[in-house]
Amino acid sequence: MIDLEEADPVAPGPGAVEIRIRRAAINPSDLIPVTGAYRSRTTLPFVPGFEGVGEIMGLGAGVTGLSIGQRVLPIGASGLWQQRLVRPAAWCFAVPDDLSDDQAAMAYVNPLTAFRLIDAVQARFGTAGNQRVGVTAAASAIGRMLLVLLAEAGFHPVALVRSAATAERLAETFAGEIALAAAPDLDAVLDAVGGEAGNGLFRQIRAGGAFIQYGALSGAQLDPALVADRREAVTFSFLWLRNWVHAAPRADIETAFARSFAGIRAGVLGSAIDGVYPLSQLAAALDRQDDPARTGKLLLAP
């Protein structure tokens, strides 16, 4: 259950900043912990929201390099579905002035996850040789990003969708190969779905291939017995952006954000927006999140 509660503001301590949240994105990764699925990592109750942009309102002692009024992306933990947030300055990254709040609010989770997935494919195959890489949920915001980035890297992206209507919509902006649910002779799969659909794709991957899962929109993981049975033929891995973010040097994260900002400016890494809701209408926003007719990302404007 998600509900709104009042909380007293907290002053930033040493090394921390107070941020007024201007936009926060709604992502599947925000909602899964609410179900208790990640009990080992998330203690309920908690404030959701891993992605968004805010304006610095207060500086704790010892903070340098940031200023009052500056826009930043506060990352590293949840909590952005609220009006004000205190976050260590070390986890705040400056936002260029030419990006809107809406653009900046979606510059983190999908673009940086997409970069890591492309890196993983390149690490598996080395120099690209037109390997066929399937992308599930290919019409989603991150799916569309992956199709572009794979092609740029020299791979042959195969868009995997679940309906003819989705395939028709995707074909308006993607001129490459589109397949319904399955495709022959895949060298790798980048999977956001899991479950039975993922199992079916796992069986189709060529020997020497790779299956990289980064989500489980179906609510289920792959069959462990299937993964074990093909472990000599297919490399399986699960990519968590969080793990990389908490291990990478700050300079590497800054480089990734610079690449994200550039891709958004170029129109490659931007995401369509279905609607922007005030925090007071959170329930309506969550209802819309589950609506099959939704046409883009949802943002909160606390």
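Residues numbered from 1 in each chain as written. Predicted model: local features only at pLDDT ≥ 70, side-chain atom pairs only at ≥ 80, totals over all residues. Heavy atoms only, no water.

Per an unreviewed UniProt entry, the protein chain goes by Zinc-dependent alcohol dehydrogenase family protein and derives from Shinella sumterensis.

## Some details on the pairing of strand β10 (residues 205-213)
By the bridge criterion, 5 bridges tie strand β9 (residues 186-191) to β10 in an arrangement that is parallel. Opposite Leu190, over in β10, you have Ile212 as the bridge partner. Following the backbone out of β9, through helix α6 (residues 195-204) and into the adjacent parallel β10, one traces a crossover that is right-handed. What joins β10 to strand β11 (residues 234-238) is helix α7 (residues 224-229), and the crossover it makes is right-handed. (Pairing = 2+ DSSP bridges. Helix = DSSP H or I, 4+ residues; strand = E, 2+ residues; numbered from the N terminus. Right-handed = clockwise from strand over helix to strand, strands pointing away.)

## Section: the packing of helix α3 (residues 109-125) against helix α9 (residues 250-265)
Packed helix pairs are characterised by how far apart their axes lie and by the angle those axes make with each other. As a packed pair, α3 and α9 sit with axes 10 Å apart at the nearest point and diverge in direction by 110°. Relative to α9, the element α3 lies roughly perpendicular. Here α3 runs over α9; the crossing is right-handed. Contact with α3, carried on its side by Pro111, Leu112 and Phe115, involves Ala256, Phe257, Arg259 and Ser260 of α9 and no other residues of that element. Of the residues belonging to the contact of α3 with α9, the class tally is 5 nonpolar, 1 polar and 1 charged. (Axes fitted to C-alpha atoms, helices over the stretch in contact; angles between N-to-C directions. Parallel < 35°, antiparallel > 145°, perpendicular 65-115°, else oblique. Left-handed = near helix turned anticlockwise from the far one by under 90°. Contact = heavy atoms within 4.5 Å. Nonpolar A, V, L, I, M, F, W, Y, C, P; charged D, E, K, R; others polar.)

## Quick look at the packing of aromatic side chains
Going through the model one piece at a time under the given rule, you end up with 8 aromatic pairs. An angle of 25° between the planes, with centres 6.1 Å apart, marks the rings of Phe211 and Phe236 as stacked. Of this pair, Phe211 sits in strand β10 while Phe236 sits in strand β11, placing them 25 residues apart in sequence. Taken together, the aromatic side chains of Phe93, Tyr108, Phe257 and Phe261 make up a single cluster linked through ring pairs. Over the ring of Phe93 we find Arg250; its NZ or CZ atom is 4.0 Å from the centre of that ring. (Phe/Tyr/Trp six-rings, centres within 6.5 Å; stacked < 30°, edge-to-face > 60°. Lys NZ or Arg CZ within 6 Å of the ring centre and 35° of its normal.)

## Remarks on the side chain of Arg132
Of note, Arg132 is situated in strand β6 (residues 132-135). On the basis of relative accessibility, which here comes to 16%, the residue Arg132 falls in the buried class. If sequence neighbours within four positions are ignored, Arg132 has contacts with His156, Val158, Glu177, Ala183, Pro184, Asp185, Leu186, Asp187, Ala188 and Arg206. (Buried < 20%, exposed > 50% of the residue type's maximum accessible area, 1.4 Å probe, protein only.)

## Structural notes on the environment of Leu299
Structurally, Leu299 is set in strand β13 (residues 297-301). Since its relative accessible area comes to 0%, Leu299 is described here as buried. Apart from the residues within four sequence positions on either side, Leu299 is in contact with Arg23, Ala24, Ala25, Asp102, Ala105, Met106, Ile273, Gly275, Val276 and Tyr277.

## Digging into the pattern of salt bridges
One pass over the full model with this rule turns up 13 salt bridges. Glu254 is the partner of Arg250 in a salt bridge, and the nearest nitrogen-oxygen pair spans 3.1 Å. With Arg250 and Glu254 both in helix α9 and 4 residues apart, the pair spans about one turn of that helix. Using a relative accessible area of 39% as the deciding quantity, one classes Glu254 as partly exposed. Through salt bridges with shared partners, a single network forms among Arg20, Arg22, Glu55, Arg71 and Asp101. (Salt bridge = Lys/Arg side-chain N within 4 Å of Asp/Glu carboxyl O.)

## Section: the packing of α3 against helix α4 (residues 141-152)
Following both chains from N to C, one finds α3 and α4 inclined at 40°, their axes separated by 9 Å at the closest point. Considering the angle they form, α3 stands oblique to α4. Between α3 and α4 lies a crossing whose hand is right-handed. Contact residues: Asn110, Pro111, Thr113, Ala114, Phe115, Leu117 and Ile118 in α3; Ala141, Ile142, Met145, Leu146, Leu149 and Leu150 in α4. Looking at the contact of α3 with α4, its residues break down into 11 nonpolar, 2 polar and no charged.

## Describing the nonpolar core
If you look at the biggest cluster of nonpolar residues, it comprises 53 residues, and the most contacted ones within it are Leu73, Leu146, Leu190 and Phe257. Considering every element that reaches this core, the biggest residue donor is α3, with 8 residues. When sequence neighbours within four positions are dropped, the list of residues in contact with Leu190 reads Leu117, Val121, Val133, Gly134, Val135, Thr136, Leu146, Leu150, Ile212 and Tyr214. In terms of nonpolar packing, the next biggest core, distinct from the first, is built from 21 residues, Val17, Ile21, Cys92 and Leu282 among them. (Core = buried A, V, L, I, M, F, W, Y, C linked by side-chain atoms within 4.5 Å.)

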